[in-house]
Amino acid sequence: MHLSIMLLATAALVQAGAASARRTLVHTLPELMAAIVTPAPGDAIVLADGEWRDADIVLRGDGEATAPITLTAEHPGKAILVGASRIRMAGRYLIVSDLVFRDGHTPGDAVIAFRTDTKHWADHSRVTGVVIDRFNNPDRRAEDHWVSIYGSHNRIDHAHFEGKANAGAMMIVVRQKSMPLDNRARIDHNYFGPRPPLGSNGGETIRIGTSEESASDSHTVVEDNVFEHCDGEVEIVSVKSGGNSVRRNLFLQSQGSVVLRHGNGNVVKDNVFLGGGQPHTGGIRIINERQVVRNNYLEGMGGVDFTSALAVMNGVPRSPVNRYMPVRRALIERNSFLAVAQITIGAGADRERSQPPLDTRIVGNLMTAAKDATDVLRFDADAGGITFAGNVLAGSGAARDGIAVLKVGMRRAANGLLYPTDPALAALGASRTLTPTRREDVGVRWYGTRSATADARIADAPGKVVRIKPGGAIASLPRATVVELARGTYDIAAPLIVAAPLTIRSVPAGAATLRLRASTLFQLEDGGSLTLEGVRIDGRGAVGDEIAVIRTSARPTLGNYRLRLAGVSVNDIAGDVIATTPGTLAGAITLTDGRYADVKGAVLALAAEHGRQGWYPAEQVTIAGAEFDRVGTVVDLRRGGTDESTFGPRFSLTGATIRSSGPVRLSGVQEASITGNRFVDSAGVTVEHTVGNPHTRIVGNRLRATPAPQVRETSYMGAPRAILSDNREGL
Ligand code: CA
């Protein structure tokens, strides 16, 4: 069968010759491999409708501008590549179109690569109308990219990318010495859909180059795309080369920024950023020389510091290539920054980043503050190297040369954007002809969107309520449901596996006791989230060496889980209460009220990640109003590494009472708020700042026979950066 088809294909080639194009419909992998061996200009290899499993496709050939070689689907979206599938291409004038990747992941470092190996790449080629949907390696720490662009004059357009959850940018332009550096790639009319926080560096949506070759120009254009909930890390688009344009894109409620990280002479213009007031929604961050930021419209950006609506960074004098080249000759003109939390000049200023921006012009911009924003226009360094002219800060604030403070009436225009009503201010801020890119003009028409945030909605959805009495079969928990436990005691002899959102509630509160008879009570697997309300957990009968009430999966997972314990009482645990494992990430861990007593290990053991990559266990950890008695460690929360790529972890401890207990220990946490707690005869709080610009606030705590809070800097050269006040003896 296989052989005869190969012979037929060869015969067809001989008969047709290169002059007349063939369209070869293939139904099996062997048919495909045969048809794709030596394609001629104008040839099309067409994948029949259906699932193509483990399709490792190499498309090699030289098409012509008017007769490209095409790999496509019988019907758009109906040929679906699953399992260990990928496409590699090399040659000229190649087109890949209308294919879908889902339910699998690449066996290599890219799903679609514009090269077949280190010596052969594609030029003048195009990937269009392709969908890549959650095509993720199940180990979130394993790095791959969805599209790796090598070569020059390549285009990726009208594609749909959604739900990347393992490490690696969705799309990269690769620049290596042995290959073209003048890429002239065009990335246009794509839909970049939800990407959840990764919990490490490597969660970019697009990266253009790396620091090594950043002194040369890539001339890549990123235009007319939509970015929605691209929350992977602090960089949505990471520009690490020169001469690129990012224009006419729409950024919707995405955490992070367009970052001109390395390379000179880049242009960011005519983009619309809508933050919806969400935390960490950022705008444009400037580093290096001759960057132009013009006619952008930003509204409702919640980001501050590095992720401000506009962040002009301080640089490192004589900076190594991978650090921060000083800003010089930047032009920032006629942008609207409306209802934003912050604009930061001299962002990141410290003893290393000591060089303020130079020869920079900030002209004709309109700025207004978000409702609760104080200090909207923030100077973290000397602005003597910046010329301000014709800017307006609407509302209140401190005027200075070139920045007037005025009351400005605003009205929403037909394009959906806000403009001053006063005709005298017509030349201020973004132009009235700016048109936000529309969803219907990007991506493909035939593919719906399975928003990654749907997972979070499921966790909130009220499930089917199942009532169980003592003696009932609690071990076989239904999926996505609520279990109400009646008064009594429940012996748990084997871990309960949680692989879907689950709520367990004691009715009435405090009446149901789960007795741990194994080493683990709840084991969270991929897709699982857990809420416990009002239950008591008794660990006196636990057996085994490593005891934890709740433990995350032994294998790495992709889904960001949630854990909420409300009014839960836990006693006599010979290990930890919550123990996280490497390669898992909590969106949120929340403890409200409740009591944790006689715990030998840690109540929150969140320090399992090692290594320097900066992986951490939870975006947000919140403890409110809980009591801790005779607990070995209250919290051990750690983020390693020294990159500045993540918003988390964030930590909050309020209204708690901690007696005769070990420490609250934080390392590498980006935001910490420890307020209004009582510590008695305990080890207190130790905070270690390792990276970034951490915000630590330890205020209004009462201490008895407990040391004062300690804050230590491991790399920042200066006094510890923390607000410490009103932490005193007394109760
Ligand atoms: Ca990054």
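Each helix and strand in the protein was counted, giving three helices and 72 strands. Since a compact globule built from 731 residues should have a radius of gyration of about 27 Å, the 28 Å found for the protein is in line with a globular shape. If you line up the protein on its principal axes, its C-alpha atoms span 85 × 75 × 45 Å. Burial analysis of the protein (731 residues in total) assigns 58% to the buried set. Partitioning the contacts of the protein with sequence separation of at least 6, the portion at a separation of at least 24 is 72%. A total of about 27,900 Å² of accessible surface is found on the protein, and carbon and sulfur atoms cover 51% of it. Within the protein, one finds 81 positive and 75 negative side-chain charges whose respective centroids are separated by 3 Å.

Note: strand β7 (residues 86-92) against strand β10 (residues 110-113), two bridges, orientation parallel. Bridge assignment links Ile87 to a residue of β10, and that residue is Ile112. Alignment of β10 against strand β15 (residues 145-149), held across three bridges, turns out to be parallel. Counted as the bridge partner of Ala113 is Ser148 from β15.

Once that is clear, we can look at the coordination of the calcium ion. Every protein donor of the calcium ion is accounted for by Asn201 (OD1), Glu204 (OE), Glu233 (OE), Glu233 (OE) and Glu235 (OE), and the metal-donor separations fall at 2.3 to 2.6 Å. Mapped onto the sequence, the donors of the calcium ion take the spacing N-x2-E-x28-E-x1-E. Placement of the pair is Asn201 in the loop between β20 (191-192) and β21 (206-208) and Glu235 in strand β24 (residues 235-240), with a sequence separation of 34 residues. Residue Glu235 is classed as buried on the basis of its relative accessible area, which comes to 6%.

Here Arg555 shows up in the loop between β54 (548-552) and β55 (561-566). Take Arg555: its relative accessible area is 59%, and that puts it in the exposed class. Apart from residues no more than four positions distant in its own chain, Arg555 is found in contact with Glu525 and Thr584.

Residues Leu71, Ile132, Phe161 and Ile286 are the most contacted members of the largest nonpolar core, which totals 85 residues. Setting aside chain neighbours within four positions, we find Phe161 in contact with Ile132, Trp146, Val147, Ile156, Met170, Met171, Asn190, Tyr191, Phe192 and Gly193. The next biggest cluster of nonpolar side chains, apart from the first, holds 64 residues, and it includes Ile504, Leu516, Ile589 and Val603.

Enumeration according to the criterion identifies eight aromatic pairs in this entry. Considering the side-chain rings of Phe192 and Phe227, the 4.8 Å spacing of their centres and the 10° angle between planes classify their relative orientation as stacked. On the criterion of sequence distance, the pair formed by Phe192 in strand β20 and Phe227 in strand β23 (residues 226-228) is long-range, its members being 35 residues apart. Just as Phe192 is buried, Phe227 falls in that class too. Ring centres of Phe379 and Phe388 lie 6.0 Å apart, and the angle between their planes is 75°; this geometry places the pair in the edge-to-face category. An aromatic cluster of three or more residues is present, and its members are Phe161, Phe192, Phe227, Phe251 and Phe273.

With 94% of its residues at a pLDDT of 70 or more, the protein has an overall mean of 93. Note on residues 1-18: pLDDT is under 50 here. Beyond four places in sequence and across chains, it has 11 contacts. Contacts of residues 452-459 to residues separated by more than four positions or lying in other chains number 10 contacts, the stretch itself having pLDDT below 50.

For the rest of this paragraph, the subject is the side chain of Ser254. Turning to its location among the elements, Ser254 is positioned in the loop between β26 (250-252) and β27 (256-262). Engagement of the side chain of Ser254 in a polar contact is seen with the backbone nitrogen of His229, the distance being 3.2 Å. In contact with Ser254, not counting residues within four places along its chain, are Phe227, Glu228, His229, Cys230, Asp231, Ile236, His280, Thr281 and Gly282.

Residue placement: His219 occurs in the loop between β21 and β22 (221-223). Look at His219 and you get partly exposed, because its relative accessible area is 27%. Along the backbone, His219 and Thr513 are 294 residues apart, and their C-alpha atoms lie at a distance of 64 Å. Here the side chain of His219 touches Asp182 through a polar contact of 2.7 Å, side chain to side chain.

What follows covers the sheet that holds strand β60 (residues 618-624). What the 11 strands build is an open sheet, ordered β45-β46-β49-β52-β55-β58-β60-β62-β65-β68-β71; its pairing is parallel. Single-partner strands in this sheet number two, and they are β45 (464-468) and β71 (723-725). If you compare each strand with its neighbour and ignore which way they point, the axes differ by 10° on average. Here strand β65 (residues 671-675) runs beside strand β68 (residues 695-699); their pairing, made up of five bridges, is parallel.

Another aspect to go through is the pattern of salt bridges. Close approach of charged atoms allows side chains with opposite charge to pair. For the structure on display, the rule yields 49 salt bridges. Its salt-bridge partner being Arg248, residue Asp224 comes within 2.9 Å of it at the nearest N-O pair. With Asp224 in the loop between β22 and β23 and Arg248 in the loop between β25 (245-247) and β26, the pair connects residues that are 24 residues apart, well separated along the chain. Residue Arg248 is classed as partly exposed on the basis of its relative accessible area of 32%. Two residues, Asp491 and Arg517, come together in a salt bridge whose shortest N-O distance is 3.4 Å. Placement of Asp491 in strand β47 (residues 488-492) and of Arg517 in the loop between β50 (512-516) and β51 (520-524) is noted, with a sequence separation of 26 residues between them.

With that settled, the discussion passes to unusual backbone geometry. Among all residues except glycine, the phi angle is most often negative; among peptide bonds, the trans geometry is most common. Across the junction of Val507 and Pro508, the peptide omega takes the value -5°, indicating a cis bond. The topology assignment puts Pro508 in the loop between β49 (501-506) and β50. Cis geometry is found at the peptide bond from Gly648 to Pro649, where omega equals -5°. In this structure, Pro649 sits in the loop between β61 (627-638) and β62 (650-654). Even without being glycine, Asp598 reaches a positive phi, approximately 55°. Residue placement: Asp598 occurs in strand β59 (residues 595-606).

Bringing the environment of Leu703 into the picture now. Tracing the chain through its elements places Leu703 in strand β69 (residues 702-704). We classify Leu703 as buried; its relative accessible area is 6%. It is 50 Å that separates the C-alpha atoms of Leu703 and Asn296, two residues lying 407 residues apart in sequence. Among all residues touching Leu703, those that are not within four sequence positions of it are Phe679, Ala708, Pro709, Asn727, Arg728, Glu729 and Gly730.

Along any regular strand the residues' side chains alternate between the sheet's two faces. Of all seven residues in strand β58 (residues 586-592), five are buried, a share of seventy percent or more. When β58 meets β60, the two strands line up parallel, connected through six bridges. Paired with Leu591 across the bridge in β60 is Ile623.

About the cut-offs
For every chain, the first residue of the written sequence is number 1, and numbering continues from 1 along that sequence. Predicted model: local features are reported for residues with pLDDT of at least 70 only, side-chain atom pairs are reported and counted for 80 or more only, and whole-chain, interface and lining totals are derived from all residues. To get the side-chain values, all heavy atoms of the structure are used, and hydrogens and water are removed first. Where helices and strands are cited, they refer to DSSP runs of H or I of at least four residues and of E of at least two residues respectively, numbered from the N terminus. Between the two quantities, the radius of gyration covers C-alpha atoms and the globule rule is 2.2 Å times the number of residues to the power 0.38. For each residue, the accessible area found with a 1.4 Å probe, counting protein chains only, is set against the maximum for its type, and the residue is called buried under 20%, exposed over 50%, and partly exposed in between. Only heavy atoms matter for contacts: two residues are in contact if any of them lie within 4.5 Å across the pair. Here the open area of atoms and residues is found with the Shrake-Rupley method and a 1.4 Å probe, where only the protein chains shown may cover a residue. By the counting rule applied here, Lys and Arg register as positive and Asp and Glu as negative, while His and the ends of each chain are not counted. A charged residue contributes its charge at one atom only: NZ of Lys, CZ of Arg, CG of Asp or CD of Glu. A pair of strands is considered paired only if DSSP assigns at least 2 bridges between the two. Because water is not among the atoms used, a metal site may look incomplete, as its donors are only the N, O and S atoms within 2.8 Å, or 3.2 Å for Na, K and Ca. Here, nonpolar core refers to any group of buried Ala, Val, Leu, Ile, Met, Phe, Trp, Tyr and Cys residues whose side-chain atoms link them within 4.5 Å. The rule is short: rings of Phe, Tyr and Trp, with Trp giving its six-membered ring, pair when the centres are within 6.5 Å, and they are stacked under 30 degrees, edge-to-face over 60, tilted in between. For every residue, the predictor assigns a confidence score, pLDDT, that lies between 0 and 100. Under the rule applied, a polar contact is a pair of N or O atoms within 3.5 Å (in protein, one hydrogen donor and one hydrogen acceptor; residues adjacent in sequence only if both atoms are side-chain atoms). Throughout, an axis means a line fitted to C-alpha atoms (over the contacting stretch in the case of helices), and angles, computed between N-to-C directions, take values from 0 to 180 degrees. When a carboxyl oxygen of Asp or Glu is within 4 Å of a side-chain nitrogen of Lys or Arg, the pair counts as a salt bridge.

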